[in-house]
Amino acid sequence: QVHLVESGGGLVTSGASLRLSCAASGRTFGNYALGWFRQAPGKDREFVAVVNWSGDTTRYADSVKGRFTISRDNAKNTVHLQMNDLKPEDTAVFYCASGSPLAPLPNTPVEYDYWGQGTQVTVSS
């Protein structure tokens, strides 16, 4: 199995930046994408960004395009989410997730096999 641990969340004001990190460990059956989701109170978990297993292709939700950047370092088994120009509507628990080997660039929760515990991001106006 794959173990994922997020870090880097916090409380910031509108327009600020945060950099989230996720460390992955454990054995896998094959290559996998790494993605970020977020979930606000009372709302469904929503897709934010994903990077494929080789790190050369990314996909973003429309709401974060131009503001967020996902990247991975396979040598360190880590994935990062650089978040700029944060807005109050970004407030949520952010989760790192490991995708199925059959999904090159997944953007739905059912395409992910393992999840981290989440890290809180709060943006005040």
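Up top is the structure.
Everything in this summary refers to the structure shown in the same document. (Residues numbered from 1 in each chain as written. Predicted model: local features only at pLDDT ≥ 70, side-chain atom pairs only at ≥ 80, totals over all residues. Heavy atoms only, no water.)

**Quick notes on the overall build of the protein chain**
1) Next: Helices and strands together make up the secondary structure of the protein chain, namely zero helices and eleven strands.
2) Next: Ordered by position from the N terminus, the helices and strands of the protein chain form the series β-β-β-β-β-β-β-β-β-β-β.
3) Next: Here the protein chain has a C-alpha radius of gyration of 13 Å; the compact-globule value for 125 residues is 14 Å, and the two agree.
4) Next: Projected onto its principal axes, the C-alpha coordinates of the protein chain cover approximately 45 × 30 × 25 Å.
5) Next: Among the 125 residues that make up the protein chain, the fraction classed as buried is 42%.
6) Next: Accessible surface, the protein chain as shown: approximately 6400 Å² in total, 50% of it carbon and sulfur.
7) Next: Where the 11 positive side-chain charges of the protein chain centre and where its 11 negative ones centre are 3 Å apart. (Helix = DSSP H or I, 4+ residues; strand = E, 2+ residues; numbered from the N terminus. Rg over C-alpha atoms; globule rule 2.2 N^0.38 Å. Buried < 20%, exposed > 50% of the residue type's maximum accessible area, 1.4 Å probe, protein only. Areas by Shrake-Rupley, 256 points an atom, 1.4 Å probe, with all protein chains shown as cover. Lys, Arg positive; Asp, Glu negative; His and termini not counted. Charge placed at Lys NZ, Arg CZ, Asp CG, Glu CD.)

**What to know about the pattern of salt bridges**
1) Next: For the coordinates displayed, the defined rule picks out five salt bridges.
2) Next: A salt bridge links lysine 65 to aspartate 62; the nearest nitrogen and oxygen atoms lie 3.3 Å apart.
3) Next: A salt bridge links aspartate 85 to lysine 87, with the nearest nitrogen and oxygen atoms 3.5 Å apart.
4) Next: Three or more residues joined by partner-sharing salt bridges are found here, namely Arg38, Glu46, Arg67 and Asp90. (Salt bridge = Lys/Arg side-chain N within 4 Å of Asp/Glu carboxyl O.)

**Brief notes about the state of the cysteines**
1) Next: On inspection of all chains with the given rule, the structure shows one disulfide.
2) Next: Cysteine 22 shares a disulfide with cysteine 96; S-S distance 2.2 Å. Taking the sign of the torsion about the S-S bond as the criterion, the disulfide between cysteine 22 and cysteine 96, at about -80 degrees, is left-handed. Pair noted here: cysteine 22 is in strand E3 (residues 18-26) and cysteine 96 is in strand E9 (residues 92-99), with a separation of 74 residues, a long-range link. This pair shows no difference in class: cysteine 22 is buried, exactly as cysteine 96 is. (Disulfide = S-S within 2.5 Å.)

**Let's talk about the sheet that holds strand E1 (residues 2-7)**
1) Next: The strand order E1-E3-E8-E7 describes an open sheet built from four strands, whose pairing is antiparallel. Every other strand in the sheet has two partners, leaving E1 and strand E7 (68-73) as the edge strands with one partner each. Within this sheet the neighbouring strands show an average axis-to-axis angle of 15 degrees, counted without direction.
2) Next: Strand direction decides the pairing type here: E1 and E3, joined by six bridges, are antiparallel. Looking at E3, one finds that serine 7 is bridged to serine 21. (Pairing = 2+ DSSP bridges. Axes fitted to C-alpha atoms, helices over the stretch in contact; angles between N-to-C directions.)

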